[in-house]
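For reference, the chains in residue letters:
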Amino acid sequence: MTLLQSWVTSANHPDCPFPLNNLPYGVFSIADDEPRCGVAIGDMILDLRACERAGLLDLGGAALFDQPHWNKLMAEGYRVWNDLRGRLLKLLDALSTAQGELERLMVAHSSATLHLPFEVAEYTDFYAGRHHATNVGTMFRGAENALPPNWLHMPIGYNGRASSVVLSGTDIRRPWGQLKGPNDSKPRFAPSARFDFELELGAIVGVDSDVPVGVDRADQMIFGYVLLNDWSARDIQAWEYQPLGPFQAKATATSVSPWIVTKAALEPFRCATPAREFPLLAHLRDTTPMLYDIDLTVQLAPEDRSATTIARTNYREMYYSSAQQLAHHSSSGCPMRTGDLLGSGTISGAEKNQRGALLELSWGGAEPIALDSGESRSFLEDGDSVVLTGAAHGDGYTIGFGDCTGSILAAVDHPYRA
Ligand code: MN
């Protein structure tokens, strides 16, 4: 696959995150008009509500894009997803005869306000990166108990809160919580002092299922992917997490990037999960490559200071794919819904500068990391901004995700402070 040429000339550049090859889906508004569905191409957004009203999309009649989210289109399933992409590829191709008509239905990214692109039905976060799980397990339980005994047999996760999912750019308020250090005789209630980010990819479930599904069917059910930051309060987590897993430590906020990158755009970048230490049980076995080669970075900028790239890694580091996670999630008969969001788990590589959370980068605070500004960090401070970026690099083109950002606000005074 090489760079596909569009009549939107800003899209025809090897470094452009939104070339014709990508066509990611978002929700936008202009001034005080209603939010509606759009597709990014170069530095423009094509208004799909306007296209639909002009009769340019021809997907069977029902109005799918006069919506403040993509859920209605998602629920239609992969044949309609493929029809839409095929139609958009034709309309936006350099040889399209519709250019004159479409130019009037475009808005500049710079003049649009972006919104959460899908209605989050439920949110589940997994723990499926082996380097991350080994590092965190070593810190929390010691090297001999790093990986729980179940870890190599299934993707373990916890049920998060859909209500806490926010769009990139939303400020994140430092949480209060119950804290108890290893040497404290009793817990206290205070703002988290070990607030952290987690670099993840979020998979968005497109269609419902009420029965257990295999990995191939699960892959077919996934509509697309976003970057995801699972903000985590490590001091709250350390005290609360046994035996039922994280609860308030992960409930403050989870940020997602504004553009849904489709499976079709990522198709050339598929790669296999790593060799298995134990053969997986049948419901988790994958027969085709289901990870993706996506370069990921984390930047941290103190307030009014320049950003430092503090981690570089790749989504292919995961041990379990999103399709395996979805198959496992459905295995008990758990119904899955249009708009379910599955966090991959923190994506860390083997090297120190490939770790996707400050907990690992600073080794629990024992080894603070140096920033270009001359400061150092063990955990996030008020005013810090975190920027996640993701890009798959093809032959002369880039599939970008759009940044996933968030800045830390100081904790508010709490009604139940001690
Ligand atoms: Mn997480």
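J.: Which parts of the structure should I look at to understand the coordination of the manganese ion?
T.: Geometrically, a metal with four donors at the corners of a regular tetrahedron has ideal angles of 109.5 degrees, and one with six donors at the corners of a regular octahedron has ideal angles of 90 or 180 degrees. At 2.1 to 2.2 Å from the manganese ion lie its protein donor atoms, namely Asp125 (OD), Glu198 (OE), Glu200 (OE) and Asp230 (OD). Here the donor residues for the manganese ion map to a single chain with the spacing D-x72-E-x1-E-x29-D. Of the two residues, Asp125 sits in strand S6 (residues 123–126) while Glu198 sits in the loop between strand S12 (195–196) and strand S13 (199–205), which places them 73 residues apart along the sequence. Classification of Asp125 by relative accessible area gives buried; the value is 1%.

J.: Would you take a moment to explain the packing of aromatic side chains for this structure?
T.: Aromatic ring pairs are defined here through the distance separating the ring centres and the angle between the ring planes. This structure, assessed with the given rule, holds 16 aromatic pairs. Ring geometry for Phe18 versus Trp259: centroids 5.9 Å apart, planes at 55 degrees, classification tilted. Here Phe18, found in the segment before strand S1 (25–29), pairs with Trp259, found in the loop between strand S16 (254–256) and strand S17 (261–262); they are 241 residues apart in sequence, far enough to count as distant. Summarising the burial analysis for this pair, Phe18 and Trp259 share the class buried. Between Tyr25 and Phe223 the ring centres are 5.9 Å apart and the planes differ by 25 degrees, which places this aromatic pair in the stacked class. Note that Tyr25 is positioned in strand S1 and Phe223 in strand S14 (residues 222–230), a separation of 198 residues in sequence. This pair shows no difference in class: Tyr25 is buried, exactly as Phe223 is. By way of ring pairs, the aromatic residues Tyr25, Phe65, Trp70, Trp81 and Phe223 are connected into one cluster. For Arg276, the ring lying beneath its charged end belongs to Tyr319, and the centroid distance is 4.2 Å. Positioned above the aromatic ring of Tyr320, the side-chain terminus of Arg276 is 5.5 Å from the ring centre.

J.: Can you walk me through the nonpolar core in this structure?
T.: In globular proteins that are soluble, nonpolar side chains generally tend to be buried together. Leu46, Trp70, Tyr315 and Leu341 are the most contacted members of the largest nonpolar core, which totals 116 residues. Mapping this core onto the domain boundaries places at least three of its residues in each of domain 1 (9–115) and domain 2 (123–409). Not counting the four nearest positions on each side in its chain, Tyr315 is found in contact with Leu201, Tyr225, Leu291, Tyr292, Ile294, Leu296, Ser321, Ser322, Ser344 and Ile347. Of all hydrophobic cores here, the second largest spans eight residues; its members include Phe28, Ala40, Val107 and Trp259.

J.: Help me understand the environment of Arg87, please; the structure alone is not making it clear to me.
T.: Within the secondary structure, Arg87 sits in helix H3 (residues 78–92). Judged by its relative accessible area of 29%, Arg87 falls in the partly exposed class. When the C-alpha atoms of Arg87 and Leu56 are compared, they prove to be 8.6 Å apart, with 31 residues separating the residues in sequence. Not counting chain neighbours up to four residues away, the residues in contact with Arg87 comprise Leu56 and Leu57. Of the polar contacts made by the side chain of Arg87, one reaches the backbone oxygen of Leu56; its length is 2.8 Å.

J.: Could you clarify how one ought to interpret unusual backbone geometry in this entry?
T.: Leave glycine aside and you will find that most residues have negative phi; peptide bonds, for their part, are mostly trans. A cis geometry characterises the amide bond from Gln242 onward to Pro243, with omega recorded as 10 degrees. Among the secondary structure elements, Pro243 is positioned in the loop between helix H7 (234–240) and S16. Although it is not a glycine, Ala31 sits at a positive phi angle of roughly 50 degrees. Among the structural elements, Ala31 can be located in the loop between S1 and strand S2 (36–41). With a phi close to 45 degrees, Trp363 is a non-glycine residue in the positive phi region. Inspection of the secondary structure puts Trp363 in the loop between helix H10 (358–361) and strand S23 (369–370). Looking at Trp363, the relative accessible area reads 26%, which means it is partly exposed.

J.: Just to check I follow, could you spell out the domain arrangement of the protein for this structure?
T.: One frequently used descriptor of interface size is the decrease in accessible area upon assembly of the parts. The assigned domain composition of the protein is domain 1 (9–115) and domain 2 (123–409). If you average the C-alpha positions of domain 1 and of domain 2, the two centres end up 29 Å apart. The interface is formed by 28 residues belonging to domain 1 together with 26 residues belonging to domain 2. For the pair domain 1 and domain 2, the summed buried surface comes to about 2,000 Å²; carbon and sulfur atoms form 70% of the total. Considering only the surface of domain 1 that becomes buried against domain 2, Tyr25, Met74 and Trp81 emerge as the three largest contributors, covering 28% of it. Where domain 1 touches domain 2, the interface holds zero salt bridges. Counting every contact that joins domain 1 to domain 2 gives four residue pairs in polar contact (both at pLDDT 80 or more). Partitioning the side of domain 1 that touches domain 2 into residue classes produces 18 nonpolar, eight polar and two charged.

J.: I would appreciate a short explanation of the pattern of salt bridges in the present structure.
T.: Any two side chains of opposite charge can pair, so long as their charged atoms come close to each other. Scanning the model with the defined rule gives 22 salt bridges in all. A salt bridge links Arg377 to Glu375; its shortest N-O distance comes to 3.3 Å. In this structure Glu375 comes out as partly exposed when scored by relative accessible area, which is 24%. The network of salt bridges with shared partners includes Asp33, Arg36, Asp47, Arg49, Arg53 and Asp66.

J.: When you look at helix H9 (residues 322–330) in this model, what are you seeing that I'm missing?
T.: Because an α-helix completes one turn every 3.6 residues, residues spaced three or four positions apart along the sequence face the same direction. In terms of burial, H9 is largely enclosed, as nine of its nine residues are buried. When we look at burial in H9, the residues that qualify are Ser322, Ala323, Gln324, Gln325, Leu326, Ala327, His328, His329 and Ser330. Buried-residue contacts for H9 involve S6, strand S7 (157–159), S13, helix H6 (215–221), S14 and strand S22 (341–343).

About the criteria used
Residues numbered from 1 in each chain as written. Predicted model: local features only at pLDDT ≥ 70, side-chain atom pairs only at ≥ 80, totals over all residues. Heavy atoms only, no water. Donors = N, O, S within 2.8 Å, 3.2 Å for Na, K, Ca; no water. Helix = DSSP H or I, 4+ residues; strand = E, 2+ residues; numbered from the N terminus. Buried < 20%, exposed > 50% of the residue type's maximum accessible area, 1.4 Å probe, protein only. Phe/Tyr/Trp six-rings, centres within 6.5 Å; stacked < 30°, edge-to-face > 60°. Lys NZ or Arg CZ within 6 Å of the ring centre and 35° of its normal. Core = buried A, V, L, I, M, F, W, Y, C linked by side-chain atoms within 4.5 Å. Domains from an automatic or database assignment. Contact = heavy atoms within 4.5 Å. Polar contact = N/O pair within 3.5 Å; in protein donor to acceptor, adjacent residues only side chain to side chain. Buried area = accessible area lost by both parts, 1.4 Å probe. Salt bridge = Lys/Arg side-chain N within 4 Å of Asp/Glu carboxyl O. Nonpolar A, V, L, I, M, F, W, Y, C, P; charged D, E, K, R; others polar.

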